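The residues making up each chain are set out below.
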Amino acid sequence: MKLPDLGIGLIYMPGLEPLLQAGRDLIDVVEIEPETHAYMPSTGPAPFATHPEVLRRFQELPFHVLLHGVGMQAGGTLSTMSGYRDYFDGLIETLSPAWVSEHLSFNRVAGDDGNYDTAFLLPPLQTAASVELAVSNIREFCAGLKVPFAFETGVNYLQPKAGEMSEGRFWAEIAEQADCGILLDLHNLWCNQLNGRQSVLDAVAELPLERVWEIHLAGGESLNGYWLDAHSDFVPKPLYELAREIVPQLPNLKAINFEIMDDYVTAKGISTAAMLDQMHQLRDLWRIRGTRVTAGNRRAGLPLAEDAAQLPAPAQWERLLGDAAAGNEEAVHRFVAAIGEDPGIGVFRELSQSARAGIAVSGLVYGCRFLLLQLGRQALRELLTEFWMATRPQLHPLAECRSFARFLRRRFSDSPYLPQLLDYDLAVLEVKADRDRVTVEFQHQPDALLQALDSGRVPEDLPRGNYRVSLGSAA
Amino acid sequence: MAERQSHATIVAKRQPTVRVQLPAKIANDYEKFVEVQRSIFDRLGHLACLSGFDIRWDIVSQYQVDEKLNIQGIAG
(Lines give C-alpha, C1' and ligand atoms only; values in the text may rest on other atoms or scores of the structure.)
Protein backbone atom coordinates (compact mmCIF):
# COMPACT_ATOMS: atom_id res chain seq x y z
CA MET A 1 0.00 0.00 0.00
CA LYS A 2 1.52 3.31 -1.08
CA LEU A 3 0.83 6.12 1.36
CA PRO A 4 2.08 9.70 1.05
CA ASP A 5 4.98 10.98 3.16
CA LEU A 6 3.24 13.48 5.45
CA GLY A 7 6.03 14.50 7.83
CA ILE A 8 5.87 15.79 11.41
CA GLY A 9 3.03 17.35 13.34
CA LEU A 10 0.87 17.21 16.41
CA ILE A 11 -2.56 16.32 17.74
CA TYR A 12 -4.85 19.31 17.34
CA MET A 13 -5.99 21.16 20.42
CA PRO A 14 -7.44 24.69 20.34
CA GLY A 15 -4.88 25.99 22.81
CA LEU A 16 -2.09 24.94 20.43
CA GLU A 17 -3.20 27.36 17.71
CA PRO A 18 -0.32 29.77 18.54
CA LEU A 19 2.11 26.92 17.90
CA LEU A 20 0.42 26.10 14.60
CA GLN A 21 0.83 29.71 13.52
CA ALA A 22 4.43 30.06 14.71
CA GLY A 23 5.38 26.67 13.29
CA ARG A 24 3.60 27.02 10.01
CA ASP A 25 6.76 26.34 8.02
CA LEU A 26 7.90 23.54 10.31
CA ILE A 27 4.71 21.53 10.80
CA ASP A 28 3.43 19.26 8.03
CA VAL A 29 0.47 17.45 9.53
CA VAL A 30 -2.22 17.92 12.16
CA GLU A 31 -4.07 14.97 13.60
CA ILE A 32 -7.65 15.57 14.73
CA GLU A 33 -9.48 13.56 17.36
CA PRO A 34 -12.97 14.36 16.14
CA GLU A 35 -14.89 13.29 19.24
CA THR A 36 -12.97 15.82 21.33
CA HIS A 37 -14.51 18.65 19.30
CA ALA A 38 -17.93 17.09 18.83
CA TYR A 39 -21.16 17.51 20.72
CA MET A 40 -24.07 15.23 21.53
CA PRO A 41 -26.88 16.03 19.08
CA SER A 42 -30.18 16.72 20.82
CA THR A 43 -32.08 14.89 18.08
CA GLY A 44 -31.38 12.19 15.54
CA PRO A 45 -29.50 8.89 15.63
CA ALA A 46 -25.93 10.21 15.31
CA PRO A 47 -23.86 9.79 18.48
CA PHE A 48 -21.69 12.81 17.62
CA ALA A 49 -21.90 15.97 15.55
CA THR A 50 -19.39 18.69 14.75
CA HIS A 51 -20.24 22.35 14.30
CA PRO A 52 -19.83 23.55 10.69
CA GLU A 53 -17.53 26.38 11.77
CA VAL A 54 -15.28 23.87 13.54
CA LEU A 55 -15.14 21.75 10.40
CA ARG A 56 -14.36 24.89 8.39
CA ARG A 57 -11.43 25.63 10.67
CA PHE A 58 -10.13 22.10 10.19
CA GLN A 59 -10.51 22.45 6.42
CA GLU A 60 -8.61 25.74 6.47
CA LEU A 61 -5.63 24.34 8.35
CA PRO A 62 -2.63 24.71 6.01
CA PHE A 63 -1.44 21.20 6.84
CA HIS A 64 -2.17 17.59 5.97
CA VAL A 65 -4.94 16.28 8.21
CA LEU A 66 -5.27 12.85 9.83
CA LEU A 67 -8.23 11.53 11.84
CA HIS A 68 -7.75 9.64 15.10
CA GLY A 69 -10.98 8.31 16.60
CA VAL A 70 -11.97 7.05 20.03
CA GLY A 71 -15.48 5.80 19.31
CA MET A 72 -14.94 2.59 17.41
CA GLN A 73 -14.29 0.10 20.24
CA ALA A 74 -11.61 -1.67 18.21
CA GLY A 75 -10.64 -3.74 21.25
CA GLY A 76 -14.13 -4.36 22.67
CA THR A 77 -17.06 -6.72 22.33
CA LEU A 78 -19.68 -3.99 21.92
CA SER A 79 -20.16 -3.02 18.33
CA THR A 80 -19.44 0.51 17.17
CA MET A 81 -22.26 2.85 18.18
CA SER A 82 -25.10 3.18 15.73
CA GLY A 83 -24.46 6.14 13.46
CA TYR A 84 -20.78 6.43 14.34
CA ARG A 85 -19.57 5.06 11.02
CA ASP A 86 -21.73 7.57 9.11
CA TYR A 87 -20.32 10.37 11.26
CA PHE A 88 -16.77 9.20 10.63
CA ASP A 89 -17.37 8.73 6.88
CA GLY A 90 -18.65 12.31 6.71
CA LEU A 91 -15.45 13.57 8.31
CA ILE A 92 -13.34 11.56 5.88
CA GLU A 93 -15.29 13.06 3.00
CA THR A 94 -14.81 16.59 4.35
CA LEU A 95 -11.20 16.41 5.51
CA SER A 96 -9.64 13.84 3.12
CA PRO A 97 -7.15 12.25 5.53
CA ALA A 98 -4.50 9.98 4.01
CA TRP A 99 -5.46 7.36 6.61
CA VAL A 100 -7.43 7.09 9.84
CA SER A 101 -6.60 5.42 13.12
CA GLU A 102 -8.24 4.18 16.30
CA HIS A 103 -7.25 2.99 19.75
CA LEU A 104 -7.06 -0.75 20.32
CA SER A 105 -9.14 -0.36 23.46
CA PHE A 106 -12.69 -0.22 24.76
CA ASN A 107 -14.61 2.40 26.72
CA ARG A 108 -18.12 0.94 26.67
CA VAL A 109 -19.17 -2.10 28.64
CA ALA A 110 -22.31 -4.23 28.77
CA GLY A 111 -23.65 -3.96 32.33
CA ASP A 112 -26.67 -5.51 34.05
CA ASP A 113 -28.80 -2.46 33.35
CA GLY A 114 -27.56 -1.71 29.85
CA ASN A 115 -24.33 -0.54 28.27
CA TYR A 116 -22.29 2.04 30.09
CA ASP A 117 -19.27 4.24 29.43
CA THR A 118 -16.07 3.95 31.40
CA ALA A 119 -14.82 7.57 31.01
CA PHE A 120 -11.49 6.14 30.01
CA LEU A 121 -9.99 3.87 27.36
CA LEU A 122 -9.29 0.45 28.84
CA PRO A 123 -6.97 -2.29 27.57
CA PRO A 124 -8.14 -5.67 26.27
CA LEU A 125 -6.66 -8.81 27.76
CA GLN A 126 -3.91 -9.95 25.38
CA THR A 127 -5.27 -13.36 24.40
CA ALA A 128 -6.03 -15.24 21.21
CA ALA A 129 -9.73 -14.48 21.75
CA SER A 130 -8.98 -10.75 21.94
CA VAL A 131 -6.93 -10.98 18.75
CA GLU A 132 -9.87 -12.62 17.01
CA LEU A 133 -12.24 -9.97 18.34
CA ALA A 134 -10.05 -7.01 17.33
CA VAL A 135 -9.47 -8.46 13.87
CA SER A 136 -13.21 -8.91 13.39
CA ASN A 137 -13.90 -5.34 14.62
CA ILE A 138 -11.28 -3.84 12.33
CA ARG A 139 -12.42 -5.82 9.30
CA GLU A 140 -16.02 -4.78 9.91
CA PHE A 141 -15.04 -1.10 10.34
CA CYS A 142 -12.81 -1.14 7.27
CA ALA A 143 -15.47 -2.61 5.00
CA GLY A 144 -16.23 0.22 2.58
CA LEU A 145 -13.89 2.65 4.38
CA LYS A 146 -12.46 5.01 1.78
CA VAL A 147 -9.02 5.34 3.37
CA PRO A 148 -6.56 2.91 5.00
CA PHE A 149 -6.84 2.12 8.71
CA ALA A 150 -4.25 1.77 11.47
CA PHE A 151 -4.70 0.93 15.16
CA GLU A 152 -2.77 2.56 17.97
CA THR A 153 -0.59 0.45 20.26
CA GLY A 154 -2.10 1.12 23.68
CA VAL A 155 -1.01 1.87 27.22
CA ASN A 156 -1.80 -0.64 29.94
CA TYR A 157 -1.37 0.14 33.66
CA LEU A 158 -2.09 -3.46 34.75
CA GLN A 159 0.57 -6.05 35.42
CA PRO A 160 0.90 -8.77 32.75
CA LYS A 161 -1.35 -11.72 33.53
CA ALA A 162 -0.06 -15.29 33.38
CA GLY A 163 -0.87 -16.64 29.93
CA GLU A 164 -1.21 -13.24 28.23
CA MET A 165 0.64 -12.66 24.96
CA SER A 166 3.35 -10.03 24.95
CA GLU A 167 2.29 -6.61 23.65
CA GLY A 168 4.45 -6.99 20.55
CA ARG A 169 3.02 -10.34 19.58
CA PHE A 170 -0.55 -9.25 20.33
CA TRP A 171 -0.28 -6.20 18.06
CA ALA A 172 1.59 -8.13 15.36
CA GLU A 173 -1.09 -10.83 15.18
CA ILE A 174 -3.86 -8.25 14.90
CA ALA A 175 -2.11 -6.13 12.28
CA GLU A 176 -1.31 -9.10 10.08
CA GLN A 177 -4.66 -10.87 10.37
CA ALA A 178 -6.63 -7.64 9.88
CA ASP A 179 -4.17 -6.50 7.21
CA CYS A 180 -3.99 -2.95 8.56
CA GLY A 181 -1.42 -0.37 9.63
CA ILE A 182 0.10 0.28 13.06
CA LEU A 183 0.22 3.63 14.82
CA LEU A 184 3.19 3.02 17.07
CA ASP A 185 2.66 5.15 20.17
CA LEU A 186 6.12 5.10 21.65
CA HIS A 187 5.12 6.92 24.81
CA ASN A 188 2.51 4.24 25.47
CA LEU A 189 5.22 1.61 25.09
CA TRP A 190 7.47 3.70 27.36
CA CYS A 191 4.74 3.75 30.03
CA ASN A 192 4.27 0.00 29.67
CA GLN A 193 7.98 -0.59 30.12
CA LEU A 194 8.28 1.67 33.19
CA ASN A 195 5.15 0.18 34.73
CA GLY A 196 6.29 -3.45 34.52
CA ARG A 197 5.17 -4.64 31.10
CA GLN A 198 7.19 -5.47 27.98
CA SER A 199 10.13 -3.19 27.17
CA VAL A 200 9.89 -0.80 24.25
CA LEU A 201 12.62 -2.50 22.24
CA ASP A 202 11.29 -6.03 22.90
CA ALA A 203 7.81 -4.99 21.79
CA VAL A 204 9.13 -3.30 18.66
CA ALA A 205 11.26 -6.35 17.84
CA GLU A 206 8.08 -8.43 17.56
CA LEU A 207 6.22 -6.03 15.27
CA PRO A 208 5.90 -6.22 11.49
CA LEU A 209 7.76 -2.93 11.10
CA GLU A 210 6.70 -2.44 7.50
CA ARG A 211 3.17 -1.85 8.83
CA VAL A 212 4.16 1.10 11.04
CA TRP A 213 2.85 4.19 9.23
CA GLU A 214 2.79 6.63 12.08
CA ILE A 215 4.47 7.32 15.42
CA HIS A 216 3.09 9.17 18.43
CA LEU A 217 5.48 10.75 20.90
CA ALA A 218 4.56 12.48 24.14
CA GLY A 219 5.62 13.22 27.68
CA GLY A 220 3.97 12.11 30.90
CA GLU A 221 4.22 12.29 34.64
CA SER A 222 4.19 9.99 37.63
CA LEU A 223 1.24 9.07 39.82
CA ASN A 224 1.60 6.73 42.79
CA GLY A 225 4.71 5.16 41.32
CA TYR A 226 3.24 4.76 37.82
CA TRP A 227 4.34 6.67 34.75
CA LEU A 228 1.24 8.06 33.06
CA ASP A 229 0.58 8.71 29.42
CA ALA A 230 -0.56 12.17 30.47
CA HIS A 231 0.41 14.13 27.35
CA SER A 232 1.65 16.69 29.80
CA ASP A 233 5.22 17.48 28.80
CA PHE A 234 8.00 17.09 26.25
CA VAL A 235 9.29 13.72 25.13
CA PRO A 236 11.56 12.31 27.89
CA LYS A 237 15.19 12.19 26.78
CA PRO A 238 15.59 8.38 27.18
CA LEU A 239 12.48 7.83 25.08
CA TYR A 240 13.76 10.20 22.42
CA GLU A 241 16.98 8.16 22.30
CA LEU A 242 14.93 4.97 21.86
CA ALA A 243 13.02 6.66 19.04
CA ARG A 244 16.37 7.40 17.37
CA GLU A 245 17.05 3.66 17.43
CA ILE A 246 13.61 2.64 16.16
CA VAL A 247 12.77 5.21 13.48
CA PRO A 248 15.61 4.20 11.11
CA GLN A 249 14.21 0.63 11.12
CA LEU A 250 10.81 1.70 9.78
CA PRO A 251 10.59 1.43 5.99
CA ASN A 252 7.08 2.89 5.64
CA LEU A 253 6.90 5.58 8.30
CA LYS A 254 4.74 8.42 6.94
CA ALA A 255 4.12 10.70 9.94
CA ILE A 256 5.47 11.49 13.42
CA ASN A 257 3.02 13.30 15.70
CA PHE A 258 3.56 14.91 19.09
CA GLU A 259 0.80 14.83 21.72
CA ILE A 260 0.40 17.45 24.45
CA MET A 261 -2.72 18.74 26.21
CA ASP A 262 -3.20 22.49 25.97
CA ASP A 263 -4.24 22.63 29.63
CA TYR A 264 -0.76 21.49 30.60
CA VAL A 265 0.88 23.98 28.25
CA THR A 266 -1.00 26.75 30.04
CA ALA A 267 -0.59 25.40 33.55
CA LYS A 268 3.14 24.79 33.17
CA GLY A 269 3.76 28.00 31.27
CA ILE A 270 5.36 26.14 28.36
CA SER A 271 6.42 28.66 25.74
CA THR A 272 5.76 28.45 22.02
CA ALA A 273 9.53 28.66 21.47
CA ALA A 274 10.04 25.54 23.60
CA MET A 275 7.28 23.78 21.67
CA LEU A 276 9.00 24.71 18.41
CA ASP A 277 12.24 23.20 19.74
CA GLN A 278 10.33 19.97 20.32
CA MET A 279 9.03 20.06 16.76
CA HIS A 280 12.59 20.52 15.49
CA GLN A 281 13.55 17.37 17.39
CA LEU A 282 10.75 15.53 15.63
CA ARG A 283 12.08 16.87 12.33
CA ASP A 284 15.51 15.39 13.18
CA LEU A 285 13.82 12.02 13.75
CA TRP A 286 11.89 12.30 10.50
CA ARG A 287 15.13 12.75 8.57
CA ILE A 288 16.48 9.36 9.72
CA ARG A 289 13.36 7.32 8.97
CA GLY A 290 14.01 4.11 7.10
CA THR A 291 17.76 4.63 6.96
CA ARG A 292 18.64 1.32 8.65
CA VAL A 293 16.01 -1.17 7.53
CA THR A 294 16.91 -4.83 7.96
CA ALA A 295 14.56 -7.50 6.67
CA GLY A 296 13.83 -10.85 8.23
CA ASN A 297 15.03 -10.50 11.81
CA ARG A 298 11.66 -10.06 13.46
CA ARG A 299 11.28 -11.91 16.73
CA ALA A 300 8.32 -14.31 16.83
CA GLY A 301 7.29 -13.71 20.43
CA LEU A 302 6.74 -16.34 23.07
CA PRO A 303 4.42 -19.27 22.38
CA LEU A 304 1.12 -19.12 24.22
CA ALA A 305 1.34 -20.55 27.72
CA GLU A 306 -0.92 -23.37 28.82
CA ASP A 307 -2.60 -21.17 31.41
CA ALA A 308 -3.88 -18.85 28.65
CA ALA A 309 -7.01 -21.00 28.55
CA GLN A 310 -7.83 -19.98 32.12
CA LEU A 311 -7.98 -16.28 31.33
CA PRO A 312 -11.45 -14.73 31.07
CA ALA A 313 -13.20 -14.28 27.73
CA PRO A 314 -13.22 -10.71 26.34
CA ALA A 315 -16.77 -9.89 27.49
CA GLN A 316 -16.07 -11.10 31.02
CA TRP A 317 -12.79 -9.16 31.11
CA GLU A 318 -14.50 -5.96 29.97
CA ARG A 319 -17.12 -6.28 32.66
CA LEU A 320 -14.58 -6.99 35.40
CA LEU A 321 -12.19 -4.21 34.38
CA GLY A 322 -14.88 -1.69 33.39
CA ASP A 323 -16.74 -2.15 36.69
CA ALA A 324 -13.53 -1.95 38.71
CA ALA A 325 -12.23 1.15 36.90
CA ALA A 326 -15.49 3.07 36.86
CA GLY A 327 -17.54 1.58 39.68
CA ASN A 328 -17.49 1.15 43.43
CA GLU A 329 -15.28 -0.80 45.82
CA GLU A 330 -17.41 -3.93 45.46
CA ALA A 331 -16.46 -4.03 41.79
CA VAL A 332 -12.78 -3.82 42.72
CA HIS A 333 -13.23 -6.82 45.04
CA ARG A 334 -14.86 -8.75 42.20
CA PHE A 335 -11.89 -7.98 39.95
CA VAL A 336 -9.41 -9.05 42.61
CA ALA A 337 -11.34 -12.28 43.26
CA ALA A 338 -11.36 -13.18 39.58
CA ILE A 339 -8.00 -11.86 38.41
CA GLY A 340 -5.91 -11.11 41.49
CA GLU A 341 -4.55 -7.99 43.16
CA ASP A 342 -3.29 -5.32 40.80
CA PRO A 343 -2.43 -1.77 41.88
CA GLY A 344 -2.98 -0.70 38.29
CA ILE A 345 -6.72 -0.81 39.01
CA GLY A 346 -6.19 2.11 41.38
CA VAL A 347 -4.48 4.03 38.58
CA PHE A 348 -7.38 3.43 36.21
CA ARG A 349 -9.81 4.54 38.91
CA GLU A 350 -7.89 7.75 39.53
CA LEU A 351 -7.72 8.51 35.83
CA SER A 352 -11.40 7.80 35.29
CA GLN A 353 -12.24 10.05 38.25
CA SER A 354 -9.94 12.81 37.00
CA ALA A 355 -11.86 12.75 33.74
CA ARG A 356 -15.21 12.97 35.52
CA ALA A 357 -13.99 15.73 37.85
CA GLY A 358 -12.68 17.73 34.89
CA ILE A 359 -15.99 17.45 33.10
CA ALA A 360 -17.96 18.47 36.20
CA VAL A 361 -16.01 21.62 37.02
CA SER A 362 -15.62 22.78 33.43
CA GLY A 363 -19.25 22.02 32.54
CA LEU A 364 -21.15 23.02 35.67
CA VAL A 365 -19.03 26.14 36.00
CA TYR A 366 -21.15 28.24 38.33
CA GLY A 367 -22.72 25.36 40.21
CA CYS A 368 -19.30 23.97 41.13
CA ARG A 369 -17.87 27.43 41.80
CA PHE A 370 -20.71 28.09 44.23
CA LEU A 371 -20.08 24.80 46.03
CA LEU A 372 -16.34 25.41 46.15
CA LEU A 373 -16.90 28.79 47.77
CA GLN A 374 -19.69 27.60 50.03
CA LEU A 375 -18.30 24.24 51.13
CA GLY A 376 -14.63 24.19 50.16
CA ARG A 377 -12.47 22.04 47.91
CA GLN A 378 -12.47 18.95 50.11
CA ALA A 379 -16.25 18.87 50.57
CA LEU A 380 -16.88 19.24 46.82
CA ARG A 381 -14.40 16.46 46.14
CA GLU A 382 -16.27 14.25 48.63
CA LEU A 383 -19.54 15.05 46.89
CA LEU A 384 -18.02 14.14 43.55
CA THR A 385 -16.72 10.87 44.97
CA GLU A 386 -20.15 10.02 46.32
CA PHE A 387 -21.63 10.82 42.90
CA TRP A 388 -19.07 8.62 41.12
CA MET A 389 -19.76 5.70 43.44
CA ALA A 390 -23.49 5.99 42.79
CA THR A 391 -23.58 6.58 39.03
CA ARG A 392 -21.98 5.34 35.83
CA PRO A 393 -19.86 7.76 33.77
CA GLN A 394 -21.45 9.18 30.62
CA LEU A 395 -19.71 9.38 27.27
CA HIS A 396 -20.81 12.95 26.55
CA PRO A 397 -19.92 15.78 28.94
CA LEU A 398 -23.43 17.23 28.65
CA ALA A 399 -24.95 13.91 29.77
CA GLU A 400 -22.41 13.62 32.59
CA CYS A 401 -23.17 17.19 33.72
CA ARG A 402 -26.91 16.53 33.64
CA SER A 403 -26.34 13.46 35.78
CA PHE A 404 -24.25 15.39 38.34
CA ALA A 405 -26.77 18.25 38.34
CA ARG A 406 -29.57 15.76 39.20
CA PHE A 407 -27.44 14.43 42.05
CA LEU A 408 -26.78 17.96 43.37
CA ARG A 409 -30.42 19.03 43.11
CA ARG A 410 -31.47 16.09 45.28
CA ARG A 411 -28.73 16.84 47.78
CA PHE A 412 -29.26 20.62 47.96
CA SER A 413 -32.98 20.91 47.34
CA ASP A 414 -33.28 23.76 49.83
CA SER A 415 -30.38 25.85 48.48
CA PRO A 416 -31.60 29.29 47.38
CA TYR A 417 -29.05 29.67 44.58
CA LEU A 418 -27.73 26.29 43.44
CA PRO A 419 -30.73 25.07 41.36
CA GLN A 420 -30.79 28.20 39.20
CA LEU A 421 -27.00 28.08 38.75
CA LEU A 422 -27.24 24.47 37.58
CA ASP A 423 -30.05 25.41 35.18
CA TYR A 424 -27.85 28.17 33.81
CA ASP A 425 -24.76 25.94 33.44
CA LEU A 426 -26.72 23.27 31.60
CA ALA A 427 -28.34 25.87 29.37
CA VAL A 428 -24.90 27.17 28.37
CA LEU A 429 -23.82 23.64 27.45
CA GLU A 430 -27.01 23.00 25.49
CA VAL A 431 -26.62 26.18 23.46
CA LYS A 432 -22.96 25.43 22.84
CA ALA A 433 -24.17 22.09 21.47
CA ASP A 434 -27.10 22.63 19.15
CA ARG A 435 -29.96 24.45 20.87
CA ASP A 436 -30.70 27.82 19.25
CA ARG A 437 -31.94 29.41 22.42
CA VAL A 438 -32.56 28.33 26.00
CA THR A 439 -34.25 30.44 28.65
CA VAL A 440 -33.34 30.09 32.30
CA GLU A 441 -35.51 31.27 35.15
CA PHE A 442 -33.76 33.03 38.02
CA GLN A 443 -35.30 33.86 41.36
CA HIS A 444 -32.49 36.28 42.18
CA GLN A 445 -30.89 39.01 40.13
CA PRO A 446 -28.74 36.96 37.72
CA ASP A 447 -25.95 39.48 37.15
CA ALA A 448 -25.49 40.03 40.88
CA LEU A 449 -25.43 36.29 41.48
CA LEU A 450 -22.93 35.49 38.72
CA GLN A 451 -20.75 38.51 39.47
CA ALA A 452 -20.46 37.47 43.10
CA LEU A 453 -19.23 34.04 42.03
CA ASP A 454 -16.89 35.51 39.42
CA SER A 455 -15.23 37.64 42.03
CA GLY A 456 -14.87 34.69 44.41
CA ARG A 457 -17.63 35.64 46.85
CA VAL A 458 -20.47 33.54 48.18
CA PRO A 459 -23.63 35.40 47.16
CA GLU A 460 -25.54 36.70 50.17
CA ASP A 461 -28.94 38.27 50.59
CA LEU A 462 -29.50 38.96 46.93
CA PRO A 463 -32.79 40.67 46.09
CA ARG A 464 -35.47 38.24 44.98
CA GLY A 465 -37.43 38.63 41.79
CA ASN A 466 -38.48 36.83 38.66
CA TYR A 467 -35.85 36.96 35.93
CA ARG A 468 -35.36 35.17 32.67
CA VAL A 469 -31.95 34.86 31.04
CA SER A 470 -32.15 33.93 27.41
CA LEU A 471 -29.05 32.24 26.07
CA GLY A 472 -28.47 32.20 22.33
CA SER A 473 -25.89 30.74 20.01
CA ALA A 474 -25.06 34.10 18.38
CA ALA A 475 -23.77 37.28 19.95
CA MET B 1 -16.77 38.35 33.66
CA ALA B 2 -16.15 41.85 32.38
CA GLU B 3 -16.49 40.52 28.87
CA ARG B 4 -19.72 38.80 29.72
CA GLN B 5 -21.11 41.98 31.25
CA SER B 6 -20.24 44.02 28.24
CA HIS B 7 -22.23 41.67 26.05
CA ALA B 8 -25.14 41.27 28.37
CA THR B 9 -28.07 43.28 27.18
CA ILE B 10 -31.21 43.78 29.11
CA VAL B 11 -33.69 43.60 26.31
CA ALA B 12 -36.85 43.94 28.30
CA LYS B 13 -37.67 45.08 31.77
CA ARG B 14 -41.30 44.50 32.35
CA GLN B 15 -42.33 43.86 35.88
CA PRO B 16 -42.05 41.39 37.34
CA THR B 17 -39.74 39.66 34.83
CA VAL B 18 -36.36 40.90 33.63
CA ARG B 19 -35.02 39.27 30.50
CA VAL B 20 -31.30 39.23 29.74
CA GLN B 21 -29.69 37.92 26.57
CA LEU B 22 -26.22 36.42 26.51
CA PRO B 23 -24.22 34.79 23.75
CA ALA B 24 -23.32 31.33 24.98
CA LYS B 25 -19.71 31.60 23.94
CA ILE B 26 -19.02 34.19 26.60
CA ALA B 27 -21.47 33.00 29.20
CA ASN B 28 -18.83 31.96 31.65
CA ASP B 29 -15.26 32.96 32.10
CA TYR B 30 -13.43 29.65 32.47
CA GLU B 31 -12.16 29.78 28.90
CA LYS B 32 -11.00 33.33 29.45
CA PHE B 33 -9.29 32.33 32.67
CA VAL B 34 -7.12 29.64 31.14
CA GLU B 35 -6.13 32.06 28.42
CA VAL B 36 -6.15 29.61 25.57
CA GLN B 37 -7.56 30.48 22.22
CA ARG B 38 -10.71 28.44 22.07
CA SER B 39 -12.73 30.87 19.97
CA ILE B 40 -15.19 28.61 18.21
CA PHE B 41 -13.79 25.49 19.83
CA ASP B 42 -15.56 25.08 23.10
CA ARG B 43 -14.68 21.88 24.83
CA LEU B 44 -17.76 19.89 23.96
CA GLY B 45 -16.36 16.41 23.63
CA HIS B 46 -15.05 13.91 26.11
CA LEU B 47 -11.52 15.19 25.95
CA ALA B 48 -10.14 13.06 28.70
CA CYS B 49 -11.43 9.71 27.52
CA LEU B 50 -8.03 8.92 26.11
CA SER B 51 -5.33 7.83 28.44
CA GLY B 52 -4.01 10.77 30.44
CA PHE B 53 -4.76 12.65 33.62
CA ASP B 54 -7.32 15.45 33.38
CA ILE B 55 -6.06 18.49 35.32
CA ARG B 56 -9.11 20.69 34.98
CA TRP B 57 -10.21 19.90 38.54
CA ASP B 58 -6.86 21.10 39.86
CA ILE B 59 -6.97 24.23 37.75
CA VAL B 60 -10.52 25.17 38.67
CA SER B 61 -10.46 24.20 42.32
CA GLN B 62 -7.17 26.00 42.94
CA TYR B 63 -8.40 28.99 41.01
CA GLN B 64 -11.24 29.25 43.45
CA VAL B 65 -9.00 29.51 46.47
CA ASP B 66 -6.26 31.70 45.02
CA GLU B 67 -7.32 35.31 44.77
CA LYS B 68 -4.24 36.16 42.71
CA LEU B 69 -5.23 33.51 40.16
CA ASN B 70 -1.75 32.09 40.42
CA ILE B 71 -1.83 28.67 38.81
CA GLN B 72 1.87 28.25 38.14
CA GLY B 73 3.21 24.86 39.09
CA ILE B 74 -0.04 23.10 39.86
CA ALA B 75 0.58 20.42 37.28
CA GLY B 76 4.26 20.12 37.78
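Computed from a predicted model, the values in this text were never measured in an experiment.

Draft legend 1. Spotlight on the overall build of chain B. Of the regular secondary structure elements, chain B holds 3 helices and 2 strands. Going from N to C terminus, chain B has its helices and strands arranged as α-β-β-α-α. Across the 76 residues of chain B, 45% fall into the buried class. Taking the intrachain contacts of chain B between residues at least 6 apart in sequence as the baseline, contacts between residues at least 24 apart amount to 16%.

Draft legend 2. The sheet that holds strand S9 (residues 212-218) of chain A, seen in detail. Residue and element names in this part refer to chain A. With respect to topology, 8 strands assemble into a closed barrel ordered S1-S2-S3-S4-S7-S8-S9-S12, the strand pairing being parallel. Across the sheet, the mean angle from the axis of one strand to that of its neighbour is 25 degrees, orientation sign disregarded. Pairing geometry for strand S1 (residues 7-11) and strand S2 (residues 29-32), over 3 bridges, is parallel. Looking across to S2, one finds that Ile11 is bridged to Glu31.

Draft legend 3. Focus on the confidence of the model for chain B. Residues and elements named next belong to chain B. Looking at chain B as a whole, the pLDDT averages 47, with 14% of positions reaching at least 70. Long-range and interchain partners of residues 1-19, a stretch whose pLDDT sits below 50, account for 32 contacts in this model, where long-range means more than four residues apart. The model gives residues 29-41 a pLDDT under 50, and that stretch makes 28 contacts with residues more than four places away or in other chains. We note a pTM of 0.89 for the whole complex and an ipTM of 0.86 for its interfaces.

Draft legend 4. Representation of helix H18 (residues 446-454) of chain A within the structure. Residue and element names in this part refer to chain A. Among the residues of H18, Pro446, Leu449, Leu450 and Leu453 are the ones counted as buried. End-on, the buried residues of H18 take up no more than an arc of 90 degrees, which puts them together on one face. Positioned one or two residues after H18, Gly456 has a phi angle of 80 degrees, which is positive.

Draft legend 5. Representation of the packing of helix H16 (residues 397-411) of chain A against helix H17 (residues 418-433) of chain A in the model. Residue and element names in this part refer to chain A. Running from N to C, H16 and H17 cross one another at 170 degrees; their axes reach a closest spacing of 11 Å. Classified by the angle their axes make, H16 and H17 are roughly antiparallel. For the pair H16 and H17, contact is made by Leu398, Cys401, Arg402, Ala405, Leu408 and Arg409 and by Leu418, Pro419, Leu422, Asp425, Leu426, Leu429, Glu430 and Ala433, respectively. Considering only residue class, the contact of H16 with H17 consists of 10 nonpolar, no polar and 4 charged.

Draft legend 6. Local environment of the nonpolar core. With 148 residues, the main nonpolar core has Phe151, Ile182, Leu186, Leu217, Ala360 and Cys368 of chain A as its most contacted residues. With residues near it in sequence (within four places) discarded, Phe151 of chain A still touches Ala74, Ser101, Glu102, Leu104, Ile138, Ile174, Cys180, Ile182 and Leu183 of chain A.

Parameters and conventions
Every residue gets a number counted from 1 within its own chain, in the order that chain's sequence is written. Lettering of chains starts at A and numbering of ligands starts at 1, both following the order in which they are written. Per-residue local features of the predicted model are confined to residues with pLDDT of at least 70, and side-chain atom pairs are confined, for both listing and counting, to 80 or more; whole-chain, interface and lining totals are unaffected and use all residues. Put simply, DSSP marks the helices as runs of H or I at least four residues long and the strands as runs of E at least two long, and each gets a number from the N terminus on. Partly exposed residues are those whose C-beta has more than 12 but fewer than 20 other C-beta atoms within 10 Å; 20 or more makes a residue buried and 12 or fewer makes it exposed, with C-beta atoms placed from the backbone. Distance between backbone-placed C-beta atoms decides contact: two residues are in contact if it is within 7 Å. Think of it this way: DSSP has to see at least two bridges between two strands before they count as a pair. Each axis is a line fitted through C-alpha atoms, and for a helix only the stretch in contact is used; angles between axes span 0 to 180 degrees, taken between their N-to-C directions. Summary of the metric used: pLDDT quantifies the predictor's per-residue confidence within the range 0 to 100. Think of the arc as the fan of directions from the helix axis to the C-beta atoms. Roughly parallel here means an angle under 35 degrees, roughly antiparallel means over 145, roughly perpendicular means 65 to 115, and every remaining angle is called oblique. Amino acid classes used here: Ala, Val, Leu, Ile, Met, Phe, Trp, Tyr, Cys and Pro are nonpolar; Asp, Glu, Lys and Arg are charged; the rest, including Gly, are polar. What we call a nonpolar core is a set of buried Ala, Val, Leu, Ile, Met, Phe, Trp, Tyr and Cys residues whose membership is set by joining through C-beta atoms within 7 Å.

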